Amino acid sequence: MTDSGHILNRLYLGKFVYMFYLLKGLFTYEPTAVRVTVDQKQYTFSNAWLVTVANHPYYGGGMKIAPFAQSNDQQFDVIVVNDVSRLKLLALFVTVFWGGHIKMKEVHTFRGKYIHICSNTSLPLHADGEQIGEGEITISVNKQVRVFR
């Protein structure tokens, strides 16, 4: 997390950390092509802004990123935001707080036990809000959650 993020958290304004990163990313991030495999079925997205794998509905700050995720169902919920304009991405962000984003045509949802995400570019990887590296990632459920980079 950057100094700005730590300062906002210390002031009990943690929800604004996400807005800060959204606005920063809105101007600096370039969507990229990704391949997502869910239980041996492969999906390709040409302009992905976000791929997230969740076993709980909420991100920090109260964002309901995966509204139907359950921590005890032995499956991951995968959310992909693809081919959306920068302006519509702002609107999409607002709807994440109640889970409304999953109704948008640019948001794709999947469920599965084995997830592999890769791209021709080196993607930043985050786990529980912390950066854990870059590249491709495999996540699987088999009595325990396992993450391989």
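This text goes with the structure placed above it.
As the structure is a prediction and not an experimental result, all values here were calculated from the model. Throughout, residues of each chain are indexed from 1 in the direction in which the sequence is written. At least 70 in pLDDT is required for a residue's local features to be given in this predicted model, at least 80 for side-chain atom pairs to be given and counted, and no such filter applies to totals for whole chains, interfaces and linings, which use all residues. The basis for every side-chain value is the complete set of non-hydrogen atoms in the structure, without hydrogens or water.

Peer 1: Where do I start with the pairing of strand S2 (residues 41–54) in this structure?
Peer 2: Each regular strand shows side chains that alternate between the opposite faces of the sheet. Two strands qualify as a pair provided that DSSP identifies no fewer than 2 bridges between them. Only DSSP runs of H or I covering at least 4 residues are called helices, and only runs of E covering at least 2 are called strands; the numbering of each starts at the N terminus. Direction of pairing for strand S1 (residues 32–38) relative to S2: antiparallel, over a ladder of 6 bridges. Within the sheet, the bridge partner assigned to Thr37 lies in S2 and is Gln42. Sheet topology note: the S2/strand S3 (residues 76–82) ladder contains 6 bridges and is antiparallel. Following the sheet pairing, Val53 is matched in S3 by Val78.

Peer 1: Looking at this structure, I do not really get helix H3 (residues 86–95). What am I missing?
Peer 2: Because the α-helix completes a turn every 3.6 residues, residues three or four places apart line up on one side. When a residue's accessible area, from a 1.4 Å probe over protein chains only, is under 20% of the maximum for its type it is buried; when over 50% it is exposed; and in between it is partly exposed. Among the residues of H3, Leu89, Leu92, Phe93 and Thr95 are the ones counted as buried. What you see down the axis of H3 is that its buried residues fit within an arc of 155°, all on one side. Each C-beta atom gives one direction from the helix axis, and the arc is the one those directions make.

Peer 1: Any chance you could explain the pairing of strand S6 (residues 124–127) here in plain terms?
Peer 2: With 4 bridges joining them, S6 and strand S7 (residues 130–134) adopt antiparallel strand pairing. Bridge pairing in S7 links Pro124 to Glu134. Once S6 ends, the chain turns through 2 residues before running back antiparallel as S7, passing Asp128 with a positive phi of about 55°.

Peer 1: What is the right way to look at the side chain of His101 in this model?
Peer 2: Along the chain, His101 falls in the loop between H3 and strand S4 (107–112). Within 3.5 Å is the distance limit for a polar contact, defined as a pair of N or O atoms, with the added protein rule that one can donate a hydrogen and the other accept it, and that residues adjacent in sequence qualify only through two side-chain atoms. A distance of 2.8 Å separates a polar side-chain atom of His101 from the backbone oxygen of Ile65. Any two residues whose heavy atoms approach within 4.5 Å at even a single point are treated as in contact. Not counting the four nearest positions on each side in its chain, His101 is found in contact with Lys64, Ile65, Pro67, Ile79, Leu92, Thr95, Val96 and Val107.

What is shown is where atoms sit, not what they do.
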